[in-house]
Amino acid sequence: MKRDRRRSEPPRTPGVLDLREGAATAAHDLSTSLWRSWCDAAAVTLARVHRGAPPKRCVLCLDGREDLGTSLVWATPNDRTKRSHANTTDATEMGAYAVATLAVHAIDGWRVIARTPTESGADLWMVGKNEPPDAQIRLEVSGIAKGTGASGVAALRTRLNQKVAQIRRGKSAEPGIAAVVGFELVRVLVSEVTIR
Amino acid sequence: MTKEKNNGKASPLTDPRRKKSEEITLQAEAAWSNAEHDRARELFAVAAAIEESVAREAPISLPRARSAVAVAAVALWNRAGDFARAKRIAYAFLGQADGLSDQGREDLERLVDRCSREAELTRLTNDPTMVPVELKLDGGRIGIGVAPESVARRRREMLASLLRRTAELEAKVEYRDRGESELERNDQIQLLEVPALAASYGVRLYVATGAQQRISSEQMVTPARVVERFLVLAEAAAQGAAAVRAKIADPQYANAFLDGFGEIAPDGEDVGTVACFAPSWKVRARSLVFEPEHRRELRAAAAAPFLRDARPGERTFDGQLVGVHLTRASSWIELEIEGKNQPEIIMVNEKRLRAKVATMRSGDTDALIRVYAKRSARQQRMAMTDVVALTRSRSTSAS
């Protein structure tokens with residue numbers, strides 16, 4: 001991971017995190033149906049925890065850097081979309097993939113290029129700008145639908161630590177990025193995990 | 001073909017064929033969630049074939065990306081239920097000296113192990129929805145694939161016990177003080193032990209439905225729901241006793257889980273940490289790690305009796321159980337209460353309460369108990385509605 005390269009650059013001003021159809025193509029290179037499914041799941045989860053209409057102010061927090069303020073936009077889900085994502089656990093997790101993908105792109109220009117099935121789930125792979133083709137790293141994502149205030153932030157932080165530990169686990173751990181999305185808090189915590 | 005080009009080589013992860021595979025995998029996962037297991041497996045096989053062809057063509061000069069696609073191909077053949085093909089492909093990649101990352105090699109070896117175990121499991125159960133749960137012990141006296149027998153046995157027994165309890169909780173079965181699980185006896189659910197691959201020390205059980213095939217409407221619990229709920233309760237246990245009690249209304253069930261997770265958690269000497277997780281794509285549940293302080297907190301909480309408030313119409317009596325008269329002709333107890341000259345007589349009409357009282361009277365000492373009771377108009381006496389031992393024995397609660 002090119003940490004020095006990114007430190008030497010001036011901080012980016014993130015654009016809007018847009019979950020609506022047709023937006024955010026620069027943040028990923030995934031199949032359209034997979035991306036739509038994640039965005040729909042995010043919209044269903046956001047609509048469940050927020051009464052007010054979008055956009056919502058969103059804070060992106062990367063360890064060791066200043067917090068970035070942006071806004072999060074989603075399309076109000078219709079009944080069919082809500083039915084498709086009725087399982088709240090799945091919707092929170094899949095929705096977190098979409099928001100985290102937009103967040104890491106907004107923070108440092110990372111682009112999610114693939115989702116690959118594994119023994120226990122799936123890995124998300126992403127690349128930085130102008131990186132060589134074998135320099136992709138893992139993105140570990142988790143989401144928490146409800147929770148506000150100090151306890152909500154503490155829960156996000158705990159979950160982030162679990163995700164970091166998950167990346168570090170295993171004999172041949174590789175570097176990665178952990179991201180945890182708080183839907184009600186409208187906050188994304190991101191941590192870089194460097195190789196041991 | 002892709003933007004990630006270097007020396008004319010493109011990352012196999014961005015191969016355009018993979019987009020089709022991603023879409024088909026998504027459809028397969030949706031079909032699985034809708035209990036269309038045959039269709040899901042067919043779709044997984046189609047996606048697996050695509051990933052396999054991409055992996056076979058991937059240049060060995062890109063070992064990390066090649067590994068990710070090879071792992072995807074093997075994992076998808078595993079999901080498709082074609083264990084033999086999954087293993088053949090894994091061996092083909094593992095047999096080459098180059099072209100895999102260390103992590104990729106480790107993942108493929110684990111998948112080969114899993115395919116072998118699951119292929120063997122199909123001789124015992126035809127349930128495609130079976131889900132593994134694993135405890136990974138580390139630190140203390142735990143070596144790679146080696147653990148003191150009693151340390152491993154206690155945790156294996158407790159894991160099995162708590163999985164049965166979770167199935168009963170999920171099926172809304174009344175708390176069982178002792179004896180065999182009705183769900184297991186009626187072949188609704190079965191636990192199969194499948195030792196995990198040696199990497200520190202693993203205890204792995206598979207939760208499956210019974211040996212007889214059932215239609216979905218007959219199923220009281222599904223393995224995925226049992227494992228998901230178990231892991232939700234494990235996560236609550238890691239947060240503390242209050243979180244467990246908030247998730248389980250029945251205090252006896254709650255105590256059984258506090259006691260059980262307290263037993264599973266490490267002691268800091270023989271075992272340093274215990275990770276608890278479901279190594280399966282079939283459930284979306286988080287893994288968590290128990291530390292020695294969890295053991296201390298949970299065991300202290302489980303040892304302290306949980307006393308609920310009296311419900312409307314109920315009274316509570318704390319005292320020594322000095323007389324038990326539970327025969328065909330009589331069903332009452334005598335409770336010696338401080339400050340009263342005569343023992344309090346309490347009727348015990350319910351079968352479950354008779355069984356509970358019977359377990360409280362053991363040894364020479366009179367047990368100290370709290371009785372919840374309501375006035376029975378017919379018997380003109382107080383009739384027991386619940387009973388809790390004020391001095392708990394830890395051994396029975398997670399049976």
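Calculation notes
Residues numbered from 1 in each chain as written. Chains lettered and ligands numbered in written order. Predicted model: local features only at pLDDT ≥ 70, side-chain atom pairs only at ≥ 80, totals over all residues. Helix = DSSP H or I, 4+ residues; strand = E, 2+ residues; numbered from the N terminus. Buried ≥ 20, exposed ≤ 12 C-beta atoms within 10 Å, placed from the backbone. Contact = placed C-beta atoms within 7 Å. Pairing = 2+ DSSP bridges. Axes fitted to C-alpha atoms, helices over the stretch in contact; angles between N-to-C directions. Domains from an automatic or database assignment.

(A) Region of interest: the overall build of chain B. The secondary structure content of chain B amounts to twelve helices and twelve strands. Dimensions along the principal axes, computed over C-alpha positions, put chain B at roughly 95 × 45 × 35 Å. Here chain B holds 399 residues, and 43% of them are scored as buried. When contacts within chain B are restricted to residue pairs at least 6 apart in sequence, long-range pairs at least 24 apart make up 65% of them.

(B) Region of the structure containing the environment of A:S37. Assignment of secondary structure puts A:S37 in helix α2 (residues 32-49). Judged by C-beta crowding, with 23 C-beta atoms within 10 Å, A:S37 ranks as buried. Sequence separation between A:S37 and A:A96 is 59 residues; the distance between their C-alpha atoms is 12 Å. The residues touching A:S37, leaving out its near neighbours within four places in the chain, are A:M94 and B:L26.

(C) Focus on the environment of B:A278. Residues and elements named next belong to chain B. Looking at the element boundaries, A278 is found in the loop between β6 (273-277) and β7 (288-290). Looking at A278, the number of C-beta atoms within 10 Å reads 25, which means it is buried. Separated by 88 residues in sequence, A278 and Q190 have C-alpha atoms that sit 17 Å apart. In contact with A278, not counting residues within four places along its chain, are V131, P132, V133, V227, L231, V283 and A285.

(D) View of the sheet that holds strand β9 (residues 331-336) of chain B. Residues and elements named next belong to chain B. What the five strands build is a closed barrel, ordered β8-β9-β10-β12-β11; its pairing is mixed. Strand-to-strand twist in this sheet, taken as the mean axis angle between neighbours without regard to direction, amounts to 60°. Bridge analysis of β9 against strand β10 (residues 344-347) gives four bridges, and the strand direction is antiparallel. Bridged to E334 within β10 is I345.

(E) Representation of the domain arrangement of chain B within the structure. Partitioning chain B into structural domains gives domain 1 (5-121), domain 2 (131-303) and domain 3 (314-389). For domain 1 of chain B and domain 3 of chain B, the distance between their C-alpha centres works out to 63 Å.

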